[in-house]
Amino acid sequence: MTEWRQFRMPSWNVIKKVMTGNIVVDGRNIYDRQELEEQGFVYTRIGEK
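Model, not experiment: these values are computed from the prediction.

Asks: What is the right way to read the pattern of salt bridges from this model?
Replies: Two side chains with opposite charge may pair up if their charged atoms get near one another. Within the structure shown, the criterion is met by 1 salt bridge. The shortest N-O distance in the salt bridge between arginine 33 and glutamate 37 comes to 3.2 Å. Of this pair, arginine 33 and glutamate 37 both sit in helix α3 (residues 33–38), 4 residues apart, which is roughly one turn of that helix. Assessed through its relative accessible area of 42%, glutamate 37 is described here as partly exposed.

The structure is reproduced here in structure tokens:
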């Protein structure tokens, strides 16, 4: 819950390498679904149906 750049614009390639799974839950609705899904993540937003 911060405005720091590393949270707003993370390096998804690096994150994917260190993650055990591939699920991203966006609690602030700030990430691009298409970008994440193209990189192989399962993406969901808080409050999304």
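Asks: Honestly, the packing of aromatic side chains in this entry has me stumped. Any pointers?
Replies: Aromatic ring pairs: the centre-centre distance and the angle between the two ring planes describe each pair. Counting across every chain of the model gives 2 aromatic pairs. Relative to tyrosine 31, the ring of tryptophan 12 has its centre 5.0 Å away and its plane inclined at 90 degrees; by these criteria the two rings are edge-to-face. Highlighted residues: tryptophan 12 in helix α2 (residues 12–18) and tyrosine 31 in the loop between β1 (23–26) and α3, separated in sequence by 19 residues. Since its relative accessible area comes to 15%, tyrosine 31 is described here as buried. With a centroid separation of 5.5 Å and an interplanar angle of 65 degrees, the aromatic rings of tryptophan 12 and phenylalanine 41 are classed as edge-to-face. With a gap of 29 residues between them, tryptophan 12 in helix α2 and phenylalanine 41 in the loop between α3 and β2 (42–45) connect regions that are remote in the sequence. We note that tryptophan 12, like phenylalanine 41, is buried. A network of ring pairs unites the aromatic residues Trp12, Tyr31 and Phe41 as a single cluster.

Calculation rules
Residues numbered from 1 in each chain as written. Predicted model: local features only at pLDDT ≥ 70, side-chain atom pairs only at ≥ 80, totals over all residues. Heavy atoms only, no water. Salt bridge = Lys/Arg side-chain N within 4 Å of Asp/Glu carboxyl O. Helix = DSSP H or I, 4+ residues; strand = E, 2+ residues; numbered from the N terminus. Buried < 20%, exposed > 50% of the residue type's maximum accessible area, 1.4 Å probe, protein only. Phe/Tyr/Trp six-rings, centres within 6.5 Å; stacked < 30°, edge-to-face > 60°.

Fair warning: the whole summary comes from geometry, so function is off the table for now.
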